[in-house]
Amino acid sequence: MLFMEMADRLAEDGWRELGYKYVNIDDCWAAKQRDAEGRLVPDPERFPRGIKALADYVHARGLKLGIYGDLGTLTCGGYPGTTLDRIGQDARTFAEWGVDMLKLDGCYSSGKEQAQGYPEMARALNATGRPIIYSCSWPAYQGGLPPKVNYTLLGEICNLWRNYDDIQDSWDSVLSIVDWFFTNQDVLQVAAGPGHWNDPDMLIIGNFGLSYEQSRSQMALWTIMAAPLLMSTDLRTILPSAKEILQNRLMIQINQDPLGIQGRRIIKEKSHIEVFLRPLSQAASALVFFSRRTDMPFRYTTSLAKLGFPEGATYEVQDVYSGKIIGDLKIGDNFTVIINPSGVVMWYLCPKALLIQQQAGGASRLPLL
(Lines give C-alpha, C1' and ligand atoms only; values in the text may rest on other atoms or scores of the structure.)
Protein backbone atom coordinates (compact mmCIF):
# COMPACT_ATOMS: atom_id res chain seq x y z
CA MET A 1 0.00 0.00 0.00
CA LEU A 2 1.26 3.44 -1.01
CA PHE A 3 1.20 5.07 2.44
CA MET A 4 2.91 2.13 4.13
CA GLU A 5 5.61 2.10 1.46
CA MET A 6 6.19 5.84 1.92
CA ALA A 7 6.49 5.29 5.69
CA ASP A 8 9.06 2.55 5.03
CA ARG A 9 11.07 4.88 2.81
CA LEU A 10 10.98 7.72 5.38
CA ALA A 11 12.17 5.32 8.08
CA GLU A 12 14.82 3.48 6.06
CA ASP A 13 16.29 6.04 3.64
CA GLY A 14 17.51 8.68 6.08
CA TRP A 15 14.51 11.01 5.97
CA ARG A 16 13.19 10.49 9.51
CA GLU A 17 16.49 11.38 11.18
CA LEU A 18 16.50 14.69 9.30
CA GLY A 19 13.03 15.57 10.60
CA TYR A 20 10.75 14.35 7.81
CA LYS A 21 8.33 12.56 10.11
CA TYR A 22 4.82 13.11 8.79
CA VAL A 23 3.04 10.87 6.29
CA ASN A 24 0.04 12.96 5.23
CA ILE A 25 -3.08 11.64 3.51
CA ASP A 26 -4.69 14.15 1.12
CA ASP A 27 -8.30 14.37 -0.07
CA CYS A 28 -10.31 11.38 -1.41
CA TRP A 29 -9.48 8.95 1.42
CA ALA A 30 -13.04 8.69 2.77
CA ALA A 31 -16.00 6.62 1.70
CA LYS A 32 -18.68 8.65 -0.08
CA GLN A 33 -21.10 8.27 2.84
CA ARG A 34 -20.75 8.50 6.63
CA ASP A 35 -21.71 5.44 8.68
CA ALA A 36 -25.01 4.90 10.55
CA GLU A 37 -23.70 6.91 13.53
CA GLY A 38 -22.65 9.77 11.26
CA ARG A 39 -18.93 9.06 11.53
CA LEU A 40 -16.43 9.49 8.71
CA VAL A 41 -15.21 6.14 7.42
CA PRO A 42 -12.28 5.37 5.12
CA ASP A 43 -12.82 4.02 1.63
CA PRO A 44 -12.87 0.21 2.18
CA GLU A 45 -10.99 -0.47 -1.06
CA ARG A 46 -8.23 2.11 -0.54
CA PHE A 47 -7.88 1.51 3.22
CA PRO A 48 -9.16 -2.05 3.83
CA ARG A 49 -7.68 -2.16 7.36
CA GLY A 50 -8.79 1.37 8.23
CA ILE A 51 -6.91 4.50 9.26
CA LYS A 52 -6.15 3.30 12.81
CA ALA A 53 -4.14 0.36 11.46
CA LEU A 54 -2.22 2.71 9.16
CA ALA A 55 -1.54 5.08 12.08
CA ASP A 56 -0.20 2.14 14.12
CA TYR A 57 2.06 1.12 11.22
CA VAL A 58 3.38 4.67 10.83
CA HIS A 59 3.88 5.14 14.60
CA ALA A 60 5.79 1.84 14.85
CA ARG A 61 8.38 3.38 12.50
CA GLY A 62 8.83 6.50 14.62
CA LEU A 63 6.68 8.59 12.29
CA LYS A 64 3.41 10.53 12.50
CA LEU A 65 0.22 10.42 10.42
CA GLY A 66 -1.60 13.39 8.92
CA ILE A 67 -5.09 13.44 7.43
CA TYR A 68 -7.25 15.79 5.37
CA GLY A 69 -10.66 17.26 6.18
CA ASP A 70 -12.80 20.05 4.80
CA LEU A 71 -14.95 22.58 6.62
CA GLY A 72 -17.93 22.36 4.29
CA THR A 73 -20.66 20.14 2.93
CA LEU A 74 -18.12 18.35 0.72
CA THR A 75 -14.35 18.16 0.40
CA CYS A 76 -12.79 19.74 -2.69
CA GLY A 77 -12.80 16.26 -4.27
CA GLY A 78 -16.48 15.66 -3.50
CA TYR A 79 -16.20 13.46 -0.38
CA PRO A 80 -18.07 14.05 2.92
CA GLY A 81 -17.12 17.35 4.51
CA THR A 82 -17.15 18.47 8.14
CA THR A 83 -20.13 20.76 8.57
CA LEU A 84 -20.38 22.85 11.74
CA ASP A 85 -22.52 20.23 13.52
CA ARG A 86 -19.91 17.50 12.82
CA ILE A 87 -16.77 19.28 14.09
CA GLY A 88 -16.63 17.67 17.54
CA GLN A 89 -17.47 14.22 16.23
CA ASP A 90 -14.83 14.34 13.48
CA ALA A 91 -12.16 15.66 15.85
CA ARG A 92 -12.85 12.74 18.20
CA THR A 93 -12.75 10.28 15.29
CA PHE A 94 -9.35 11.56 14.15
CA ALA A 95 -8.00 11.34 17.72
CA GLU A 96 -9.34 7.80 18.17
CA TRP A 97 -7.60 6.76 14.96
CA GLY A 98 -4.27 8.12 16.26
CA VAL A 99 -3.98 10.99 13.79
CA ASP A 100 -1.19 13.50 14.54
CA MET A 101 -2.00 16.28 12.06
CA LEU A 102 -5.14 17.63 10.39
CA LYS A 103 -5.27 19.81 7.30
CA LEU A 104 -8.72 21.45 7.19
CA ASP A 105 -9.64 22.77 3.75
CA GLY A 106 -12.48 25.20 3.00
CA CYS A 107 -14.32 24.06 -0.13
CA TYR A 108 -18.13 24.33 -0.10
CA SER A 109 -18.27 26.62 2.94
CA SER A 110 -19.17 30.29 3.38
CA GLY A 111 -17.01 32.98 4.95
CA LYS A 112 -19.35 33.02 7.94
CA GLU A 113 -19.07 29.25 8.37
CA GLN A 114 -15.28 29.47 8.16
CA ALA A 115 -15.15 32.23 10.78
CA GLN A 116 -17.07 29.98 13.16
CA GLY A 117 -15.70 26.60 12.13
CA TYR A 118 -11.93 27.05 12.06
CA PRO A 119 -11.70 28.29 15.69
CA GLU A 120 -14.25 25.65 16.71
CA MET A 121 -12.15 22.83 15.24
CA ALA A 122 -9.11 24.11 17.18
CA ARG A 123 -11.12 23.83 20.42
CA ALA A 124 -12.44 20.41 19.42
CA LEU A 125 -8.97 19.05 18.64
CA ASN A 126 -7.64 20.34 21.96
CA ALA A 127 -10.61 18.79 23.77
CA THR A 128 -9.61 15.32 22.53
CA GLY A 129 -6.47 15.45 24.67
CA ARG A 130 -4.38 14.20 21.76
CA PRO A 131 -1.71 16.58 20.37
CA ILE A 132 -2.78 17.17 16.75
CA ILE A 133 -1.01 19.71 14.51
CA TYR A 134 -3.67 21.90 12.93
CA SER A 135 -3.24 23.25 9.39
CA CYS A 136 -5.88 25.75 8.28
CA SER A 137 -6.75 26.75 4.73
CA TRP A 138 -8.91 29.62 6.00
CA PRO A 139 -6.77 32.58 4.84
CA ALA A 140 -6.42 31.17 1.31
CA TYR A 141 -10.21 31.36 0.94
CA GLN A 142 -10.26 34.98 2.16
CA GLY A 143 -7.60 36.41 -0.14
CA GLY A 144 -4.70 35.87 2.26
CA LEU A 145 -4.42 39.49 3.46
CA PRO A 146 -5.86 41.85 6.10
CA PRO A 147 -8.40 43.17 6.80
CA LYS A 148 -10.23 40.00 5.70
CA VAL A 149 -7.56 37.82 7.33
CA ASN A 150 -6.75 38.31 11.01
CA TYR A 151 -3.26 36.85 11.43
CA THR A 152 -3.24 37.46 15.18
CA LEU A 153 -6.27 35.21 15.56
CA LEU A 154 -4.86 32.63 13.14
CA GLY A 155 -1.68 32.41 15.20
CA GLU A 156 -3.77 31.61 18.27
CA ILE A 157 -5.83 28.81 16.70
CA CYS A 158 -3.72 27.23 13.92
CA ASN A 159 -0.18 25.81 13.81
CA LEU A 160 0.20 26.53 10.09
CA TRP A 161 -2.03 27.92 7.40
CA ARG A 162 -2.27 28.06 3.64
CA ASN A 163 -2.33 31.70 2.54
CA TYR A 164 -2.39 31.41 -1.24
CA ASP A 165 -3.02 29.19 -4.27
CA ASP A 166 -2.25 25.47 -4.49
CA ILE A 167 1.16 24.76 -5.97
CA GLN A 168 1.28 23.05 -9.37
CA ASP A 169 4.18 21.02 -10.74
CA SER A 170 5.69 23.93 -12.66
CA TRP A 171 8.29 26.68 -12.29
CA ASP A 172 5.64 29.33 -13.11
CA SER A 173 3.65 28.14 -10.10
CA VAL A 174 6.71 28.36 -7.81
CA LEU A 175 7.44 31.89 -9.06
CA SER A 176 3.83 33.03 -8.54
CA ILE A 177 3.98 31.83 -4.92
CA VAL A 178 7.37 33.49 -4.34
CA ASP A 179 6.08 36.75 -5.87
CA TRP A 180 2.96 36.80 -3.70
CA PHE A 181 4.75 35.95 -0.45
CA PHE A 182 7.54 38.48 -0.84
CA THR A 183 5.34 41.24 -2.27
CA ASN A 184 3.29 40.88 0.93
CA GLN A 185 6.21 40.16 3.26
CA ASP A 186 5.50 43.10 5.59
CA VAL A 187 2.17 41.52 6.56
CA LEU A 188 3.22 37.87 6.43
CA GLN A 189 6.61 37.94 8.15
CA VAL A 190 5.29 39.13 11.51
CA ALA A 191 2.55 36.48 11.48
CA ALA A 192 5.05 33.61 11.49
CA GLY A 193 6.92 32.17 14.44
CA PRO A 194 7.41 28.99 16.46
CA GLY A 195 4.14 27.06 16.49
CA HIS A 196 2.38 29.25 13.89
CA TRP A 197 3.69 29.26 10.32
CA ASN A 198 2.82 30.58 6.88
CA ASP A 199 2.60 27.64 4.47
CA PRO A 200 3.45 28.38 0.81
CA ASP A 201 2.46 24.77 -0.03
CA MET A 202 4.44 21.66 -0.87
CA LEU A 203 7.91 21.08 -2.24
CA ILE A 204 7.61 19.76 -5.80
CA ILE A 205 11.29 18.75 -5.96
CA GLY A 206 11.62 15.26 -7.40
CA ASN A 207 8.56 15.50 -9.64
CA PHE A 208 8.57 16.59 -13.31
CA GLY A 209 8.11 20.37 -13.48
CA LEU A 210 11.41 21.74 -12.15
CA SER A 211 14.93 21.64 -13.50
CA TYR A 212 17.84 20.88 -11.17
CA GLU A 213 18.57 24.61 -10.66
CA GLN A 214 14.90 25.40 -10.07
CA SER A 215 14.68 22.57 -7.52
CA ARG A 216 17.60 24.06 -5.59
CA SER A 217 15.88 27.44 -5.77
CA GLN A 218 12.59 26.18 -4.35
CA MET A 219 14.36 24.50 -1.42
CA ALA A 220 16.38 27.64 -0.65
CA LEU A 221 13.46 30.07 -0.93
CA TRP A 222 11.13 27.87 1.17
CA THR A 223 13.89 27.75 3.80
CA ILE A 224 14.21 31.55 3.77
CA MET A 225 10.42 31.71 4.26
CA ALA A 226 10.65 29.40 7.31
CA ALA A 227 8.13 27.23 5.46
CA PRO A 228 7.02 23.79 6.61
CA LEU A 229 8.86 21.25 4.44
CA LEU A 230 6.20 18.92 3.06
CA MET A 231 7.40 16.78 0.15
CA SER A 232 5.08 15.68 -2.64
CA THR A 233 7.17 13.14 -4.51
CA ASP A 234 7.45 9.37 -4.79
CA LEU A 235 10.25 8.36 -2.42
CA ARG A 236 10.45 4.91 -4.02
CA THR A 237 11.72 6.31 -7.31
CA ILE A 238 13.23 9.69 -6.38
CA LEU A 239 16.43 10.59 -8.26
CA PRO A 240 19.64 10.97 -6.22
CA SER A 241 19.97 14.64 -7.32
CA ALA A 242 16.53 15.51 -5.88
CA LYS A 243 17.16 13.47 -2.74
CA GLU A 244 20.43 15.32 -2.15
CA ILE A 245 18.61 18.68 -2.26
CA LEU A 246 15.85 17.56 0.10
CA GLN A 247 18.29 15.92 2.53
CA ASN A 248 20.76 18.82 2.76
CA ARG A 249 21.55 18.90 6.48
CA LEU A 250 22.65 22.53 6.71
CA MET A 251 19.58 23.62 4.74
CA ILE A 252 17.29 21.76 7.15
CA GLN A 253 19.14 23.20 10.14
CA ILE A 254 18.50 26.70 8.76
CA ASN A 255 14.87 25.92 7.94
CA GLN A 256 14.30 24.60 11.47
CA ASP A 257 16.15 27.43 13.23
CA PRO A 258 14.72 27.77 16.76
CA LEU A 259 14.11 31.53 16.48
CA GLY A 260 11.60 30.80 13.73
CA ILE A 261 11.96 34.20 12.05
CA GLN A 262 10.67 34.32 8.47
CA GLY A 263 13.14 35.89 6.05
CA ARG A 264 12.66 38.79 3.67
CA ARG A 265 13.60 39.88 0.18
CA ILE A 266 16.02 42.75 0.74
CA ILE A 267 17.08 43.61 -2.82
CA LYS A 268 15.40 43.35 -6.23
CA GLU A 269 17.85 44.39 -8.96
CA LYS A 270 17.09 45.57 -12.49
CA SER A 271 19.41 42.76 -13.60
CA HIS A 272 16.74 40.26 -12.36
CA ILE A 273 18.86 39.24 -9.38
CA GLU A 274 17.13 39.17 -6.00
CA VAL A 275 18.68 38.85 -2.54
CA PHE A 276 16.91 37.32 0.47
CA LEU A 277 17.99 37.38 4.13
CA ARG A 278 16.85 35.30 7.08
CA PRO A 279 18.09 36.10 10.62
CA LEU A 280 19.03 32.98 12.60
CA SER A 281 19.87 32.12 16.20
CA GLN A 282 23.41 32.72 17.54
CA ALA A 283 23.53 35.96 15.47
CA ALA A 284 23.92 33.89 12.29
CA SER A 285 22.17 34.62 8.98
CA ALA A 286 21.18 32.90 5.76
CA LEU A 287 21.53 34.73 2.44
CA VAL A 288 20.07 33.62 -0.88
CA PHE A 289 21.13 35.18 -4.17
CA PHE A 290 18.46 34.24 -6.72
CA SER A 291 18.53 34.75 -10.49
CA ARG A 292 15.32 35.13 -12.47
CA ARG A 293 17.41 35.33 -15.63
CA THR A 294 17.00 32.70 -18.33
CA ASP A 295 20.07 33.46 -20.45
CA MET A 296 23.35 32.52 -18.76
CA PRO A 297 25.15 32.45 -15.38
CA PHE A 298 25.36 35.96 -13.92
CA ARG A 299 28.22 37.46 -11.91
CA TYR A 300 26.70 39.49 -9.08
CA THR A 301 29.02 41.71 -7.04
CA THR A 302 28.09 43.26 -3.72
CA SER A 303 29.26 43.48 -0.08
CA LEU A 304 27.75 42.69 3.31
CA ALA A 305 27.71 46.44 4.00
CA LYS A 306 25.49 46.99 0.95
CA LEU A 307 23.24 44.20 2.23
CA GLY A 308 22.75 46.00 5.56
CA PHE A 309 24.97 43.92 7.85
CA PRO A 310 26.26 45.71 10.99
CA GLU A 311 29.60 47.53 10.85
CA GLY A 312 32.75 46.00 12.30
CA ALA A 313 31.79 42.34 12.09
CA THR A 314 33.64 39.56 10.31
CA TYR A 315 31.78 36.44 9.20
CA GLU A 316 32.68 32.87 8.45
CA VAL A 317 30.73 31.97 5.32
CA GLN A 318 29.64 28.49 4.29
CA ASP A 319 28.05 27.62 0.95
CA VAL A 320 24.88 25.70 1.87
CA TYR A 321 24.84 23.50 -1.23
CA SER A 322 28.53 22.71 -1.67
CA GLY A 323 29.30 22.72 2.07
CA LYS A 324 32.51 24.64 1.35
CA ILE A 325 33.74 27.17 3.90
CA ILE A 326 34.31 30.33 1.90
CA GLY A 327 36.38 31.86 4.67
CA ASP A 328 36.35 35.13 6.55
CA LEU A 329 34.40 38.01 5.08
CA LYS A 330 34.59 41.56 6.42
CA ILE A 331 31.64 43.91 6.07
CA GLY A 332 33.30 46.15 3.49
CA ASP A 333 34.78 43.37 1.35
CA ASN A 334 33.34 43.18 -2.15
CA PHE A 335 32.57 39.66 -3.30
CA THR A 336 31.13 38.10 -6.45
CA VAL A 337 28.75 35.15 -6.67
CA ILE A 338 28.01 33.36 -9.94
CA ILE A 339 24.31 32.49 -10.10
CA ASN A 340 22.96 30.10 -12.71
CA PRO A 341 19.74 30.96 -14.62
CA SER A 342 16.68 30.35 -12.38
CA GLY A 343 19.18 29.20 -9.76
CA VAL A 344 20.51 30.28 -6.39
CA VAL A 345 23.65 30.69 -4.38
CA MET A 346 22.91 30.23 -0.67
CA TRP A 347 25.21 31.18 2.19
CA TYR A 348 25.20 30.49 5.93
CA LEU A 349 27.02 33.29 7.78
CA CYS A 350 28.26 33.08 11.37
CA PRO A 351 29.97 36.06 13.06
CA LYS A 352 33.64 35.39 13.90
CA ALA A 353 33.53 37.08 17.31
CA LEU A 354 30.79 34.70 18.35
CA LEU A 355 32.76 31.73 17.06
CA ILE A 356 35.79 32.77 19.17
CA GLN A 357 33.62 33.26 22.27
CA GLN A 358 32.02 29.86 21.83
CA GLN A 359 35.38 28.15 21.36
CA ALA A 360 36.83 29.90 24.40
CA GLY A 361 33.84 28.76 26.44
CA GLY A 362 34.38 25.17 25.43
CA ALA A 363 31.44 25.19 23.04
CA SER A 364 31.55 24.98 19.29
CA ARG A 365 29.60 26.55 16.50
CA LEU A 366 26.01 25.45 15.99
CA PRO A 367 26.15 21.79 14.98
CA LEU A 368 25.05 20.72 11.53
CA LEU A 369 22.10 18.42 12.11
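The model shown is predicted, which means the values in this text are computed figures rather than measured ones.

Conventions used here
- Residues numbered from 1 in each chain as written.
- Predicted model: local features only at pLDDT ≥ 70, side-chain atom pairs only at ≥ 80, totals over all residues.
- Heavy atoms only, no water.
- Core = buried A, V, L, I, M, F, W, Y, C linked by side-chain atoms within 4.5 Å.
- Buried < 20%, exposed > 50% of the residue type's maximum accessible area, 1.4 Å probe, protein only.
- Helix = DSSP H or I, 4+ residues; strand = E, 2+ residues; numbered from the N terminus.
- Contact = heavy atoms within 4.5 Å.
- Pairing = 2+ DSSP bridges.
- Axes fitted to C-alpha atoms, helices over the stretch in contact; angles between N-to-C directions.
- Expected span 1.5 Å × (residues − 1).
- UniProt positions renumbered as here; feature names shortened; annotations may be inferred.
- Polar contact = N/O pair within 3.5 Å; in protein donor to acceptor, adjacent residues only side chain to side chain.

(A) Structural detail: the nonpolar core. Ranked by internal contacts, the top residues of the largest apolar core, which has 90 residues, are W29, Y134, M219 and W222. In terms of residues, this core owes the most to one element, helix α8 (residues 171-183), which gives 8 residues. Filtering out sequence-adjacent residues up to four positions away, M219 remains in contact with Y20, L203, I205, L229, I245, L246, M251 and Y321. Judged by nonpolar contacts, the second largest core, of 20 residues, contains L287, Y300, L304 and F335.

(B) View of the sheet that holds strand β2 (residues 64-70). Strand order across the open sheet formed by 6 strands is β1-β2-β3-β4-β5-β6, with parallel pairing between neighbours. Looking at the sheet topology across the chains shown, the edges are occupied by β1 (22-24) and β6 (197-199). When strand polarity is set aside, the average angle formed by the axes of neighbouring strands in this sheet is 25 degrees. Across 2 bridges, strand β4 (residues 133-136) lies against strand β5 (residues 160-162) in parallel orientation. From the neighbouring strand, S135 faces β5, where its bridge partner is L160. The strands touched by helix α3 (residues 50-60) within the sheet are β1 and β2, with β2 carrying the most contacts at an inclination of about 145 degrees.

(C) Main features of helix α5 (residues 111-127). Along its 17 residues, α5 runs 24 Å from first to last C-alpha, staying within 8% of the 24 Å computed at 1.5 Å per residue. Of the positions making up α5, those classed as buried are Q114, G117, Y118, P119, M121, A122, A124 and L125. Looking at the buried positions of α5, the neighbouring elements they touch are α4 (87-97), β3 (101-105), β4, α6 (138-141) and α7 (151-157). With its phi angle positive at about 80 degrees, G129 sits one or two positions after the end of α5.

(D) Quick look at the pairing of strand β14 (residues 344-351). Burial within β14 is extensive, with 8 of its 8 residues counted as buried. In β14, alternate side chains face the same way, and those of V344, M346, Y348 and C350 on one face and V345, W347, L349 and P351 on the other are all buried. Where strand β9 (residues 285-291) lies against β14, 6 bridges are found, and the strand directions are antiparallel. Bridging across to β14, F290 finds its partner in V344.

(E) How the structure looks around the UniProt feature "domain: Alpha galactosidase A C-terminal" (unreviewed entry) in the protein. The UniProt feature table records "domain: Alpha galactosidase A C-terminal" (unreviewed entry) at residues 260-343. Between the C-alpha atoms that bound residues 260-343 the distance is 25 Å, and the span itself is 0% helix and 51% strand.

(F) Representation of α8. Relative to the 18 Å expected for 13 residues at 1.5 Å per residue, α8 spans 18 Å between its end C-alpha atoms, a close match to the ideal helical length. W171, S173, V174, L175, I177, V178, W180, F181 and F182 are the residues of α8 that are buried. Buried residues along α8 sit in contact with α9 (185-188), β6, α10 (212-224), β7 (264-268), β8 (273-279) and β9. A side-chain oxygen of the first residue of α8 lies 3.1 Å from the backbone nitrogen of S173; this N-cap is S170.

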